[in-house]
Amino acid sequence: MTPRLMADGLTKRFSGTTVVDNVSFYVDPGQIVGLTGPNGAGKTTLFNLLSGVLKPDAGTLTVNGVDATNLPPYRLARLGLVRTFQLARELDRLSVLENVQLAARNNVGESLTGALFRPAATRQAEQAITQRAREVLSLVSLSAHESKPAAALSGGQKKLLELARCLMAEADIILLDEIAAGVAPHLVEEIAVLIRRLNREHGKTFVIIEHNIGFIRNLASRVVVMASGKVLAEGSFDHVAADPAVVASYLGQAA
Amino acid sequence: MDSYLVAILTVAGIYLILALALNLQFGLTGLINFGVVGFYGLGAYASGIATETFHAPFLAGLLAALIIGAIAGALVALLSLRLSGDFLAIVTLGFAETIRLVFNNEDWLTHGPSGFIIVTRPVIAGLSRTATSWMVLGVILLAALLVLLLMMRLADTPYGRVLRAVREDDLVPATLGKNIFMYRLQAFVLGSAIMAGTGSLYAHYVQTITPDNFTTPVAILVWMSVIVGGAGNMKGTVLGALAVVFIYEGTRFIGPWLTMLDAEQISALRFIIIGVALILMIRFRPEGLLPEAYQRPAEAASRITPSKG
Ligand SMILES: Nc1ncnc2c1ncn2[C@@H]1O[C@H](COP(=O)(O)OP(=O)(O)O)[C@@H](O)[C@H]1O
Ligand SMILES: [Mg+2]
């Protein structure tokens, strides 16, 4: 079985500091992998490497069996990998609905020629996309806000909007960067249920960065712990939680 | 007075097309083009040279302007679009300045500062003076209408949605699978081609073009039209261009009242008035006369009332 995602020796340095240090890991189809570790461990930077937002200084990346090492973000998205951002990047002056519609794949009306010369196809596609975008918005409890500019959402709602865009994009692999941070507690529970459902019913693969240990324990079939840019431990939640190095790294941060 | 009104409307039509093209680049896509007059002038000379030096008909001149504008737009874009927005601003500024130097110095091609004379006109031969000026106005307003419809269509489709997303935060459309470089390139090239096409219309309207016709004051009025009207909103640009041209042309009439000022001072004063209007606008209504609608009309019409919230 080809792994959905395979990182081999990924390394990223910022002006001399190695922020992601020779990280190798894989994600099999249908897995939910939890990625955790203290602040500054390099988790977000690793996501930036996995999604093409940053180019690695060393190492290779394979997505759905395709060498994706130096591909730009849009090519990775087309290979079926999408992500959310730790600091929500809502498109302020687009409506909430438009933020989600934008994520639709292969939209005929998004090409210059389609928009100008295929009005009927554009309209038809847009109707289907709008309907699906509304379904997605209702999954993340944002339906009531669809016609607001995204700038008007609360911090937690913006995170939900990020999630909604990922769902709309019909990707196989979804990278979620602290998706539950800042989201109201009752919604966090809903997000967890949603992730599990998408995983079980639609076979979606997730990598989840999360500090909320309960969230990870509840969802992840495998946990990767990073510290100082390196993979510190990897395995089932219980296995990792019992690892003395992991305990030490968290205690080190708390101290 | 009648002919003065026709002249103002003609000029307004020309500024309107330039402003619509800039609104595609800046308003929708967020591309800073400080070289509007470079593309505009390039089109004017290209069209003039095609019709006078090579005796091509007006439409061929217009086509030449569009093609050369597109090529120049692509070159400028390829030089700078991958880099930051500030870099594009500087490259376009340099482009306009370079183009102006070429107009001034390549006498064999452009006849330099003394001006390039164009006899070909976009009209039926044998009309009276008045009828000719009305017909030129008609041609320019028709062109403005076509460009307006094109821009409204683009802004209103999913294509325009991607352009606005690129403007807001290009990393988002990029990570959602949009080739943002292609979108920027297309928007820039299309806008540049239209600016050059406007240059062609202008050249065959004024019939004598000099490098001085394509300098910064023109770019300022075009930029003001977009900002006053409301960046991103095509109808706003129509209002903005009309407001800017009428204020600017209206201030011509202050000259006779201020006898202590010479012509140069009057001209500076007109820009000061325009500048003050812009500052007031930005202070009290920064989103412009008609702000961009973040929701497409079609969506509003078909909106389902949420059952719970
Ligand atoms: N663009 C950047 N330039 C320089 N340093 C960076 C950059 N991005 C992240 N870092 C540094 O890399 C380290 C890891 O950051 P990050 O990947 O955000 O960690 P995490 O997501 O695990 O909290 C931090 O020390 C951070 O300051
Ligand atoms: Mg982080």
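Remember, predicted model here, so these are calculated numbers, not experimental data.

Undergrad: Can you lay out the packing of aromatic side chains for me, pointing to particular residues and giving the numbers?
TA: Considering all chains together, one arrives at 13 aromatic pairs over all chains under this definition. Ring centres of Phe 34 of chain B and Trp 223 of chain B lie 5.4 Å apart, and the angle between their planes is 55°; this geometry places the pair in the tilted category. Of this pair, Phe 34 of chain B sits in the loop between α1 (2–28) and α2 (36–53) while Trp 223 of chain B sits in helix α10 (residues 216–229), and the two are 189 residues apart along the sequence. Take Trp 223 of chain B: its relative accessible area is 12%, and that puts it in the buried class. Taken together, the ring pairs connect Tyr 40, Tyr 45, Phe 103, Phe 116, Tyr 202 and Phe 214 of chain B into an aromatic cluster. Residue placement shows Arg 89 of chain A over the ring face of Phe 85 of chain A; its charged tip is 5.2 Å from the ring centre. When the ring centre of Phe 284 of chain B is taken as reference, the NZ or CZ atom of Arg 283 of chain B above it lies at 4.9 Å.

Undergrad: Tell me what's going on with the site of ligand 1, and back it up with residues and numbers.
TA: Residues and elements named next belong to chain A. Surveying the vicinity of ligand 1 reveals the residues Phe 14, Val 19, Pro 38, Asn 39, Gly 40, Ala 41, Gly 42, Lys 43, Thr 44 and Thr 45. One nitrogen or oxygen atom from the main chain of Gly 42 is found 3.0 Å from an oxygen atom belonging to ligand 1. Contact distances for ligand 1 include 2.8 Å between an oxygen atom and a backbone N or O atom of Lys 43. Burial of ligand 1 by the protein chains amounts to 56% of its free accessible area of 560 Å². A total of three residues in the shell around ligand 1 trace back to one element, the largest contributor, which is helix α1 (residues 43–50). Here the shell around ligand 1 is composed, by residue class, of four nonpolar, five polar and one charged.

Undergrad: I'd like a description of the domain arrangement of chain A, backed by residues and values.
TA: Residue and element names in this part refer to chain A. Taken domain by domain, chain A consists of domain 1 (5–90 + 155–254) and domain 2 (91–152). Taking only C-alpha atoms into account, the centre of domain 1 sits 26 Å from that of domain 2. Facing 21 residues of domain 1, the contacting portion of domain 2 comprises 19 residues. With both sides pooled, the region where domain 1 packs onto domain 2 buries about 1700 Å², and carbon together with sulfur makes up 62% of that total. When the buried area of domain 1 at its contact with domain 2 is split by residue, Glu 90, Leu 161 and Met 168 rank highest and sum to 36% of it. Glu 170 is the salt-bridge partner of Arg 132, the closest N and O atoms lying 3.6 Å from each other. Taken together, domain 1 and domain 2 are joined by seven residue pairs in polar contact (both at pLDDT 80 or more). Taken together, the elements giving at least two residues each to the side of domain 1 that touches domain 2 come down to α2 (73–78), α6 (155–168) and α7 (185–202). Counting residues per element, the side of domain 1 that touches domain 2 draws most heavily on α6, which supplies nine residues. Residues belonging to the side of domain 1 that touches domain 2 are distributed by class as follows: 11 nonpolar, two polar and eight charged.

Undergrad: How would you explain the confidence of the model for chain B if you had to name every residue and give the values?
TA: All names here are of chain B. Averaged over all residues, the pLDDT of chain B equals 89, while 94% of them reach at least 70. Counting contacts from residues 296–309, a segment whose pLDDT is below 50, to residues more than four positions away or on other chains yields 21 contacts. The complex model carries a pTM of 0.92, and its ipTM stands at 0.93.

Undergrad: Hey, could you go over the coordination of the magnesium ion (ligand 2) for me, with residue numbers and the actual values?
TA: A metal bound by six donors in octahedral fashion has ideal angles of 90 or 180 degrees, whereas one bound by four tetrahedral donors has an ideal angle of 109.5 degrees. Residue and element names in this part refer to chain A. Donor atoms from the polypeptide that coordinate the magnesium ion (ligand 2) comprise Thr 44 (OG1) and Gln 86 (OE1), at 2.0 to 2.1 Å from the metal. In this pair, Thr 44 sits in helix α1 while Gln 86 sits in the loop between β6 (81–83) and α3 (96–101), placing the two residues 42 residues apart along the sequence. According to the relative accessible area criterion, Thr 44 is partly exposed, its value standing at 25%.

Undergrad: Describe the sheet that holds β6 of chain A, with residues and values.
TA: Residues and elements named next belong to chain A. Taken in spatial order, the six strands line up as β6-β7-β8-β3-β9-β10 in an open sheet, and their pairing is mixed. Both outer strands of the open sheet, β6 and β10 (230–235), are each paired with one neighbouring strand and no more. On average, each strand axis in the sheet is tilted by 15° relative to the strand beside it, whichever way the strands run. One ladder, built from five bridges, connects strand β9 (residues 222–227) with β10; its direction is antiparallel. Bridge pairing in β10 links Ala 227 to Lys 230. Seen against the sheet, α1 touches β3 (32–36), β6, β7 (173–177), β8 (205–209) and β9 and runs at an angle of roughly 150° to β7. Strand contacts of α7: β3, β7 and β8, with the helix running at about 155° to β8, the strand carrying the most contacts.

Undergrad: I'd like a description of the sheet that holds strand β1 (residues 5–14) of chain A, backed by residues and values.
TA: Residues and elements named next belong to chain A. The strand order across the open sheet built from four strands is β2-β1-β4-β5, with neighbouring strands paired in antiparallel fashion. Two strands close off the open sheet at either side, each with one partner strand: β2 (17–27) and β5 (66–67). Pairing analysis gives seven bridges linking β1 to β2, with the strands arranged antiparallel. Within β2, the position partnered with Arg 13 by the bridge is Thr 18. Along the sheet face, α1 touches β1, β2 and β4 (58–63) and points at about 120° away from the line of β1.

Undergrad: Which residues make up the environment of Tyr 26 of chain A, and what are the values?
TA: Residue and element names in this part refer to chain A. Residue position: Tyr 26 is located in strand β2. For Tyr 26 and Val 63, which are 37 residues apart along the polypeptide, the C-alpha to C-alpha distance reads 9.8 Å. If near-sequence neighbours (up to four positions away) are discounted, Tyr 26 is found in contact with Pro 3, Leu 5, Met 6, Gln 31, Arg 222 and Glu 234.

Undergrad: Kindly report on empty space enclosed by the protein, identifying the contributing residues and their values.
TA: Overall, the coordinates contain two cavities of 30 Å³ or more when judged by the stated rule. Quantified by volume, the largest cavity comes out at close to 50 Å³. Counting only elements with at least two residues in the lining of the largest cavity, the list comes to α6 of chain A together with α8 (171–175) of chain B. Lining the second largest cavity are Leu 139, Val 140, Ser 141, Leu 160, Leu 187, Glu 190, Ile 191 and Leu 194 of chain A. Among the elements that make up the lining of the second largest cavity, the one with the highest residue count is α7 of chain A (four residues).

Undergrad: An account of the interface of chain A and chain B is requested, with residue identities and associated values reported.
TA: Facing 40 residues of chain A, the contacting portion of chain B comprises 35 residues. Roughly 3300 Å² of surface becomes buried between chain A and chain B when both sides are summed, with 61% attributable to carbon and sulfur atoms. Joining chain A to chain B, the criterion identifies five salt bridges. Connecting chain A to chain B are 15 residue pairs in polar contact (both at pLDDT 80 or more). Counting residues per element, the ones that place at least two in the side of chain A that touches chain B are α2, β6, α3, α4 (112–117) and α5 (119–139) of chain A. Broken down by element, the residue count for the side of chain A that touches chain B peaks at five residues, all from α5 of chain A.

Parameters and conventions
- Residues numbered from 1 in each chain as written.
- Chains lettered and ligands numbered in written order.
- Predicted model: local features only at pLDDT ≥ 70, side-chain atom pairs only at ≥ 80, totals over all residues.
- Heavy atoms only, no water.
- Phe/Tyr/Trp six-rings, centres within 6.5 Å; stacked < 30°, edge-to-face > 60°.
- Helix = DSSP H or I, 4+ residues; strand = E, 2+ residues; numbered from the N terminus.
- Buried < 20%, exposed > 50% of the residue type's maximum accessible area, 1.4 Å probe, protein only.
- Lys NZ or Arg CZ within 6 Å of the ring centre and 35° of its normal.
- Near = heavy atom within 4 Å.
- Polar contact = N/O pair within 3.5 Å; in protein donor to acceptor, adjacent residues only side chain to side chain.
- Areas by Shrake-Rupley, 256 points an atom, 1.4 Å probe, with all protein chains shown as cover.
- Nonpolar A, V, L, I, M, F, W, Y, C, P; charged D, E, K, R; others polar.
- Domains from an automatic or database assignment.
- Contact = heavy atoms within 4.5 Å.
- Buried area = accessible area lost by both parts, 1.4 Å probe.
- Salt bridge = Lys/Arg side-chain N within 4 Å of Asp/Glu carboxyl O.
- pLDDT = per-residue confidence, 0-100.
- Donors = N, O, S within 2.8 Å, 3.2 Å for Na, K, Ca; no water.
- Pairing = 2+ DSSP bridges.
- Axes fitted to C-alpha atoms, helices over the stretch in contact; angles between N-to-C directions.
- 1 Å grid on protein atoms, 1.4 Å probe; cavity = no way out; pocket = protein on both sides within 12 Å on 5 of 7 lines; lining within 4 Å.
- Points joined across faces, edges and corners; volume = space filled by probe spheres on them.

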